[in-house]
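# Breakdown of the fold
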Amino acid sequence: MTKKKAALHNLGCKVNAYETEAMQQLLEENGYEIVPFAPGADLYLINTCTVTNIADRKSRQMLHKARKMNPDAIVVAAGCYVQASAEDLVADGSVDLIIGNNRKKDLISILQEFEEGRKTEDTVIDMTHEKQYENLSVQKTAEHTRAYIKVQDGCNQFCSYCIIPYTRGRVRSRQEHEVLDEVRHLAQNGYQEVVLTGIHLSSYGVDTGSSLLSLIEQVHQVEGIKRIRLGSLEPGIITRDFAQKLSQMEKFCPHFHLSLQSGCDTTLKRMNRRYTTQEYREKCEILREVFDQPALTTDVIVGFPGETEEEFAQTRLFLEEIKFFETHIFKYSRRKGTRAAAMENQVPDQVKNDRSDELIRLNEKNQSAFEQSWSDRRVEVLCEEKIEIDGEEYYSGHTKEYIRIAVRKEIGKENRILTGTLKKELKPHVRLCTID
């Protein structure tokens, strides 16, 4: 019997990517052959995103592309765009099935009912009062050395620009024993680094009586796992006690992505972010006192409604002073259904573009300076994949601080952890590491 062919495409965040891989494994376990996202598949599944208007557009484009690649295939739209725009998708002739959040785990039964001509009810549920964590898991990932593990879903923050609390629902945490079971399976399959991720990771455990620190401590005890990295954190979770306990775990990677969004207090207040720039600065100081040159990275939104030249200048100055390793710059995108969408003084696109370009240039400067500060220092690197630079072959990987490195091909090997010294830059943001 010929296997049915399924092609999947992911849009959006690391949580989405994890869920896409979990759905892929469900399909594989039920007899599907996974093929590239190209003509010839019997099933196309797009895990959509709705964090910006651009994400909405990309989601629609990929669904229409799937339909064109095989008009007879089953086209499935899943995820956040589905949750936000279910009625539009029901009316879209390109889509056969829509599956919202907290129903992805039921992919196979929903498909079976559709193929049997039965109407499946409630494939998109109201996430407002959903309290159940959706149990999805993976035993292998697209990356062969690093595994992302979703441990939390939902958000209670309601930042004024963000649609996610409406599409993902309230905070829901995965049970610790389920996380640990997955980590053990991944370790047995050869993964040495795990990244704990979630929609609002800092809230892990508030609904189950646990905490993110407790979870990290237990993952640290899993044999075979050599590195633990964290996804995006809110500044409020950073205390001296939290940082010191992390610093005592040899497997922990001192790479902190602390959401900022603006370096101006008045803008932060309009965004409904629950800290001031001074409080944020203090968190960075704690991390730099406890850890030796930790990597601090962040997100910034430019062109938020009402952002004046003076407010933008305050953000730029704040970024200059903190000197992040990396700053991810986003241009504000108006999201229907959020408070910010109705705010006055929407910033013109050209102004957003100019401000974004300015901060991208600053980020380039800060990133290079941080990487240079690690020159001639001993580091631990995890080799990940082969690359070629100026005609020579290397293995590429990352330090615990997530500085990208390259080691000579004859020394490196995929999924091998080595210790060496950082040397010259081989190409932008890739430094040579000589192995001891």
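Here, every reference points to the structure presented above.
Residues numbered from 1 in each chain as written. Predicted model: local features only at pLDDT ≥ 70, side-chain atom pairs only at ≥ 80, totals over all residues. Heavy atoms only, no water.

This part is about the sheet that holds strand β14 (residues 392–399). Around the barrel, five strands lie side by side as β13-β14-β15-β17-β16; this closed barrel has mixed pairing. For this sheet the average axis-to-axis angle between neighbouring strands, irrespective of direction, equals 45°. The pairing of strand β15 (residues 404–408) with strand β17 (residues 430–435) spans two bridges and is classified as parallel. Paired with isoleucine 405 across the strands is arginine 431, a residue of β17. (Pairing = 2+ DSSP bridges. Helix = DSSP H or I, 4+ residues; strand = E, 2+ residues; numbered from the N terminus. Axes fitted to C-alpha atoms, helices over the stretch in contact; angles between N-to-C directions.)

The next point concerns the nonpolar core. Formed by 51 residues in total, the largest nonpolar core has its most connected members in Leu233, Ile238, Leu246 and Phe256. Ignoring sequence-local partners within four residues, the contact set of leucine 246 consists of Leu213, Ile216, Phe252, Phe256 and Phe291. Formed by 22 residues, the second largest nonpolar core is a distinct cluster that contains Phe37, Ala55, Ala66 and Val82. (Core = buried A, V, L, I, M, F, W, Y, C linked by side-chain atoms within 4.5 Å. Buried < 20%, exposed > 50% of the residue type's maximum accessible area, 1.4 Å probe, protein only. Contact = heavy atoms within 4.5 Å.)

Time to look at helix α2 (residues 53–69). Its 17 residues place the ends of α2 24 Å apart at the C-alpha level, agreeing with the 24 Å of an ideal helix rising 1.5 Å per residue. All buried positions along α2 are accounted for by Ala55, Asp56, Ser59, Met62, Leu63, Ala66, Arg67 and Met69. Residues of α2 that are buried sit in contact with β1 (5–10), β3 (43–48), β4 (74–79), α3 (80–84) and α4 (86–90). (Expected span 1.5 Å × (residues − 1).)

Backbone-to-backbone hydrogen bonds pair the strands of a sheet. The strands run either parallel or antiparallel. Strand order in the open sheet formed by five strands is β2-β1-β3-β4-β5, with parallel pairing between adjacent strands. Two strands in the sheet have a free side with no partner beyond their single neighbour: β2 (33–34) and β5 (97–99). The sheet contact formed by β4 and β5 spans three bridges and is parallel. Bridge assignment links valine 76 to a residue of β5, and that residue is leucine 97. Helix-sheet contacts for α2 involve β1, β3 and β4, and the interaxial angle to β3 is about 175°. Where helix α5 (residues 107–115) meets the sheet, it contacts β3, β4 and β5, and its direction lies at approximately 160° from that of β5.

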